[in-house]
Amino acid sequence: MLRLFTSKVDISSKASYIPLLFPFWGPILKETIPYLSGVFKKTSFDKNYYRLTEKLSEADCVLLLHNYWTLKKYDPDYLKNFIHQARVLKKPVLIDATGDCADEIPVKNSIILRNSVYKKDLKSNEIVIPAYAEDFGKPIPRKLSPVPVIGFTGWSKADFFRSLYITEKTPGLVIRNLAIKYLNNTVGIKTNFILRGSYSGHLKTISGDVKKYRTEFVNNIMDSDYTLCVKGGGNFSVRLYETLSLGRIPLVVDTDNVFPLEEKINYREFCLFVSYKNLDKTGRLLLDYHRSLSINDFLGKQQQAREAFEKYLRIDSFTKYLVDEIKSRI
């Protein structure tokens, strides 16, 4: 049992508390981010593996109650004071730094949770956690067909961002557009693309009906053999975990990614990886991969994808492994 030092007295008025606190203080469901809120309507972290305490003497860590990047933007004085107080308490600080930012966090004696990080920059005190993704339930497997179907639904209409020279830190929209271009130009595969002109995960940017868009998104994954999964604003893909939840095979464009529990999960057993350096070969690599699979191979990879999500990467299942990771760094 991991024990986290917290106090409601210390809550900032300018930021929401983090999801680790949802099982104890209740989930925060925001109408402006309907798909993310939909995750926490169904599940949350499993509080059987950790608890909160207001007794510093029995705590393993001091928990920052709010997201690090949110505080840095909206309440920097709170963040500065917290870091100072934690240093005085001489306890490790557990920091939720999930989100798109991959910048370094200069807090000594800290354990940092994040989604976005580049493998070459990963620090020993950092833990990569899954993006919060909805569990869509037990999927219906697809049968192997001669022509592979690659799907994608989302923001991609930004042709003027295209570049002949890219790096792993090139914006995800650029890499996404190039991958879509090369897949569309590959003979022998079927593309199932719904291309939108804006981000659909927030009410401020979505340009259509929320429920309709979500249904189209889910159906697109279900009706495809593979789903294109590329980094977004940060170096990670929420779509990857949603694809696994639906028991489909992700085609992952590798931009020096780090995935949760890589020592336990062999992602290459059920994902097809293409380096961002080889985007022009994406279609050919997909064709070769698909043609190498037997009927049983294809079904098995779909099952492995779903099992990885259900047993390890769904947020409640992940809690046990997260607690083990945190304790190993204390």
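All of these numbers come straight from a predicted model, not from anything done at the bench.

Explain the overall build of the protein chain residue by residue, including any values.
When its secondary structure is counted, the protein chain shows 10 helices and 11 strands. The globule rule puts the C-alpha radius of gyration for 330 residues at 20 Å, and the 20 Å found for the protein chain is close to it. Referenced to the eigenvectors of the C-alpha coordinate spread, the extents of the protein chain come out at roughly 65 × 40 × 40 Å. Counting every position in the protein chain, which comprises 330 residues, the buried fraction comes to 54%. On the protein chain, roughly 15,800 Å² of surface is accessible, and the fraction owed to carbon and sulfur atoms is 51%. Averaged over its 50 positive side-chain charges, the protein chain has a centre that lies 1 Å from the centre of its 36 negative ones.

I'd like a rundown of the side chain of Ser 156, residues and numbers included.
Assignment of secondary structure puts Ser 156 in the loop between strand S7 (149-155) and helix H5 (172-184). Judged by relative accessible area, Ser 156 falls into the buried class, the value being 2%. Dropping the residues within four chain positions of it, Ser 156 is found in contact with Leu 173, Arg 176, Asn 177, Ile 180, Leu 195 and Arg 196.

Let's hear about the sheet that holds strand S5 (residues 110-114): which residues, and what values?
The parallel open sheet is built from 6 strands, whose spatial order is S2-S1-S3-S4-S5-S6. Each edge of the sheet is formed by a strand with only one pairing partner; in this case those strands are strand S2 (50-53) and strand S6 (126-128). Strand after strand, the sheet turns through a mean of 30 degrees between neighbouring axes, direction not considered. Relative to strand S3 (residues 61-63), strand S1 (residues 2-5) runs parallel, the two being bridged by 2 bridges. Bridge pairing links Leu 4 to Cys 61 in S3.

Now, about the packing of aromatic side chains: what can you tell me, with residues and values included?
Enumeration according to the criterion identifies 13 aromatic pairs in this entry. Ring geometry for Phe 259 against Tyr 267: centres 5.0 Å apart, planes inclined by 35 degrees, an arrangement best described as tilted. For the pair Phe 259 and Tyr 267, a shared accessibility class is recorded, and that class is buried. Aromatic rings pair up to connect Tyr 17, Phe 22, Trp 25, Phe 40, Phe 45 and Tyr 132 into one cluster.

So what's going on with the nonpolar core? Which residues, and what values?
Leu 20, Tyr 68, Leu 94, Ile 95 and Leu 322 are the most contacted members of the largest nonpolar core, which totals 65 residues. With sequence-adjacent residues up to four places away left out, Ile 95 is seen in contact with Leu 64, Tyr 68, Ile 105, Val 107, Ser 110, Ile 111, Ile 112 and Leu 113. Counting residues in each nonpolar core, the second largest holds 26 residues, with Phe 152, Val 274, Leu 279 and Leu 286 among its members.

So what about empty space enclosed by the protein? Which residues, and what values?
A complete count under the given rule lists 2 cavities of 30 Å³ or more for this structure. Put simply, the largest cavity is a space of about 110 Å³. Lining the largest cavity are 18 residues, with Phe 236, Ser 237, Leu 240, Asn 257 and Phe 259 positioned closest to its centre. Those elements giving two or more residues to the lining of the largest cavity turn out to be helix H7 (238-245) and strand S10 (249-254). In terms of residue class, the lining of the largest cavity is made up of 13 nonpolar, 4 polar and 1 charged. Looking at the second largest cavity, its volume works out to about 50 Å³.

Before we move on, could you go through the sheet that holds S7 and cite the residues and values that matter?
Across the sheet, which stays open at both edges, the 5 strands sit in the order S8-S7-S9-S10-S11 with parallel pairing between neighbours. The open sheet has two free edges, formed respectively by strand S8 (190-196) and strand S11 (272-275), since each of these has just one partner strand. Recorded for the sheet is a direction-independent mean angle of 20 degrees between the axes of neighbouring strands. The pairing of S10 with S11 spans 4 bridges and is classified as parallel. In the strand pairing of S11, Asp 254 is matched with Ser 275. Across the sheet, helix H8 (residues 282-291) lies against S7, strand S9 (226-229), S10 and S11, angled at about 155 degrees from S11, the strand it touches most.

Could you give me a rundown of the pattern of salt bridges, with the residues and numbers involved?
Scanning all chains against the criterion turns up 20 salt bridges. When the shortest N-O distance is used, the salt bridge between Arg 214 and Glu 134 registers 3.4 Å. Taken together, the residues span a long stretch of sequence, with Arg 214 in helix H6 (residues 210-222) and Glu 134 in the loop between S6 and S7 at a distance of 80 residues. On the basis of relative accessible area, Arg 214 is assigned to the buried category, the value being 13%. Accessibility expressed as a relative area gives 14% for Glu 134, which makes it buried. Asp 324 is the partner of Lys 320 in a salt bridge, and the nearest nitrogen-oxygen pair spans 3.6 Å. Of this pair, Lys 320 and Asp 324 both sit in helix H10 (residues 315-328), 4 residues apart, which is roughly one turn of the helix.

Criteria and cut-off values
Residues numbered from 1 in each chain as written. Predicted model: local features only at pLDDT ≥ 70, side-chain atom pairs only at ≥ 80, totals over all residues. Heavy atoms only, no water. Helix = DSSP H or I, 4+ residues; strand = E, 2+ residues; numbered from the N terminus. Rg over C-alpha atoms; globule rule 2.2 N^0.38 Å. Buried < 20%, exposed > 50% of the residue type's maximum accessible area, 1.4 Å probe, protein only. Areas by Shrake-Rupley, 256 points an atom, 1.4 Å probe, with all protein chains shown as cover. Lys, Arg positive; Asp, Glu negative; His and termini not counted. Charge placed at Lys NZ, Arg CZ, Asp CG, Glu CD. Contact = heavy atoms within 4.5 Å. Pairing = 2+ DSSP bridges. Axes fitted to C-alpha atoms, helices over the stretch in contact; angles between N-to-C directions. Phe/Tyr/Trp six-rings, centres within 6.5 Å; stacked < 30°, edge-to-face > 60°. Core = buried A, V, L, I, M, F, W, Y, C linked by side-chain atoms within 4.5 Å. 1 Å grid on protein atoms, 1.4 Å probe; cavity = no way out; pocket = protein on both sides within 12 Å on 5 of 7 lines; lining within 4 Å. Points joined across faces, edges and corners; volume = space filled by probe spheres on them. Nonpolar A, V, L, I, M, F, W, Y, C, P; charged D, E, K, R; others polar. Salt bridge = Lys/Arg side-chain N within 4 Å of Asp/Glu carboxyl O.

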